[in-house]
Amino acid sequence: MDSIWIQGGKRLEGKIPISGAKNAALALLPCALLTEDKLTLGNLPRLADVDSFGHLLNQLGVSTMIEGVRRGEYGRRMTLHAADIASTVAPYDMVRKMRASILVLGPMLARAGEATVSLPGGCAIGDRPIDLHLQALECLGAEIELAAGYVKATAPNGRLPGGDYSFPVVSVGATENALMAAVLARGRSQLFNAAREPEIVDLCNLLVAMGGQIEGIGSSHLTIDGVEGLHGADYDVMPDRIEAGSYACAAGITGGSIDLVGARADDMRATLNALAQCGLILEFHDNGIKVSADGALKPLALSTAPFPGFATDMQAQFMAMLSLADGESFLEETIFENRYMHVPELRRMGAEVEIHGRSAVVHGIEKLTGAQVMATDLRASMSLILAGLAAEGETEVLRVYHLDRGYERLEEKLSAVGATIERRSTG
């Protein structure tokens, strides 16, 4: 098993190219199931989750071809072709590896009229039921049956009629599944209180490029007029706003200056506002955002919320950075109940953090100290990397397979801006 070793205390400076967004890619890949034509996705990040999703699609009958990538390049192009759907069953041994696998449910149901998908797995950061996915599909006309750990969905007469659904709470995944199901329905569908995340916009834009008819893109009210069929497309995955925010925190926690090449400000306004409140300098240019530290970090109060609010996927990284702020910071986690699992590991490095239910108080200290720590989930992993970059001495982060799910060639990118970091095999 691999670990990542860091010699901390280095000021980071330079450019980091931002890869394609993991969360967008995992919603775009299943769109291949919606057409018998070829779908080509560019700027696809090389991540464990993307590979796992590709293997799942292969099992369903989707062929995948990856273009060669030149040395030093990030991302890749993949052409997916689902001329026929060989199987409408997504088995447990594939789906258990990550929660996003549930996103094959909507498109398979829309195209084949039926889908059987195992209940999903993924990070253990809290209860993330799929009831909203199923309720939305039922409102579009699907018949749902749960048995032996599987969801079986069928469309009457082989095709969904379409319908309206109002989400009781905002759900990104359920919005994505409903969108992919609705584009091939017989009639009009409306989604109320739909998620507005940039990754949802990216999915809508791809579906429109494939011939889908969607109104209200970027709003919480989406209107989808079903079409007889979709065609292929060539589409680039949006840049990863969470990766960009994570490396911005690396600049802050090390007192450095990092140019986030390819980052899009409109996708991450809440993160950028929080960085500015911490005292970081933001410079916007045609090809990204430069983030620089300017003296001591300032404390702040943050509460996670659906987009356009502060992303839950940035909470752990900010906590690491705020552990060195000049004063007390207050964090509130409103999305997932178990998203403070990184706190005991940060405490091993000297961080002073109090947890009160879903709230956390971070007492800023002068320095962190390197230690052996263990990652518990994807974003927690990055918080420990950030702490290690700033800490005195050596830090070893174990269970880095979590990192490989969401950060493309992390060690290479951080090394290029001055970090002393390497991956080591522990046998």
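Residues numbered from 1 in each chain as written. Predicted model: local features only at pLDDT ≥ 70, side-chain atom pairs only at ≥ 80, totals over all residues. Heavy atoms only, no water.

1. Remarks on the packing of helix H8 (residues 241-253) against helix H10 (residues 315-322)
The test is simple: Only the stretch in contact is used when fitting a helix axis, every axis being a line fitted to C-alpha atoms; angles between N-to-C directions are given from 0 to 180 degrees. Helix and strand labels come from DSSP, where a helix needs a run of H or I of at least four residues and a strand needs a run of E of at least two; each type is numbered from the N terminus. Oblique is the label for any angle not covered by the other classes, which are roughly parallel (under 35 degrees), roughly antiparallel (over 145) and roughly perpendicular (65 to 115). Contacts: residue pairs with any heavy atoms within 4.5 Å of one another. Any residue outside Ala, Val, Leu, Ile, Met, Phe, Trp, Tyr, Cys, Pro, Asp, Glu, Lys and Arg is labelled polar, Gly included; the first ten of those are nonpolar and the last four are charged.
Contact geometry for H8 and H10: axes closest at 9 Å, N-to-C directions at 5°. By the angle class used here, H8 and H10 are roughly parallel. Where H8 abuts H10, its residues Ile-242, Ser-246, Cys-249, Gly-252 and Ile-253 lie against Gln-317, Phe-318, Ala-320 and Met-321. Across the contact of H8 with H10, the residue classes tally to six nonpolar, three polar and no charged.

2. Quick word on the environment of Val-117
Note the threshold: Exposed residues in this analysis have more than 50% of their type's maximum accessible area, buried residues have under 20%, and partly exposed residues fall in between, with area computed by a 1.4 Å probe over protein chains only.
By the element assignment, Val-117 lies in strand E7 (residues 114-118). You can call Val-117 buried: its relative accessible area is 0%. For the pair Val-117 and Leu-146, spaced 29 residues apart in sequence, the C-alpha to C-alpha distance is 9.8 Å. Sequence-distant contacts of Val-117, defined by excluding residues within four places in its chain, comprise Ala-90, Val-95, Ser-101, Ile-102, Val-104, Leu-105, Met-108, Tyr-150 and Val-151.

3. Comments concerning the confidence of the model for the protein chain
Quick reminder of the rule: You can read pLDDT as the predictor saying how much it trusts each residue, on a scale of 0 to 100.
Averaged over all residues, the pLDDT of the protein chain is 93; the fraction at 70 or higher stands at 96%. Counted against residues more than four places away or in other chains, residues 122-128, with its pLDDT under 50, gives 22 contacts.

4. With respect to the nonpolar core
Just so we agree on the cut-off: To qualify as a nonpolar core, a set must consist of buried Ala, Val, Leu, Ile, Met, Phe, Trp, Tyr and Cys residues joined through side-chain atoms within 4.5 Å.
Residues Leu-29, Val-104 and Leu-179 are the most contacted members of the largest nonpolar core, which totals 79 residues. Each residue touching Val-104, except ones within four places of it in the same chain, is listed here: Pro-30, Leu-33, Phe-53, Leu-56, Leu-57, Leu-60, Ala-90 and Val-117. Counting residues in hydrophobic clusters, the runner-up holds 73 residues, among them Ile-258, Ala-263, Leu-282 and Val-400.

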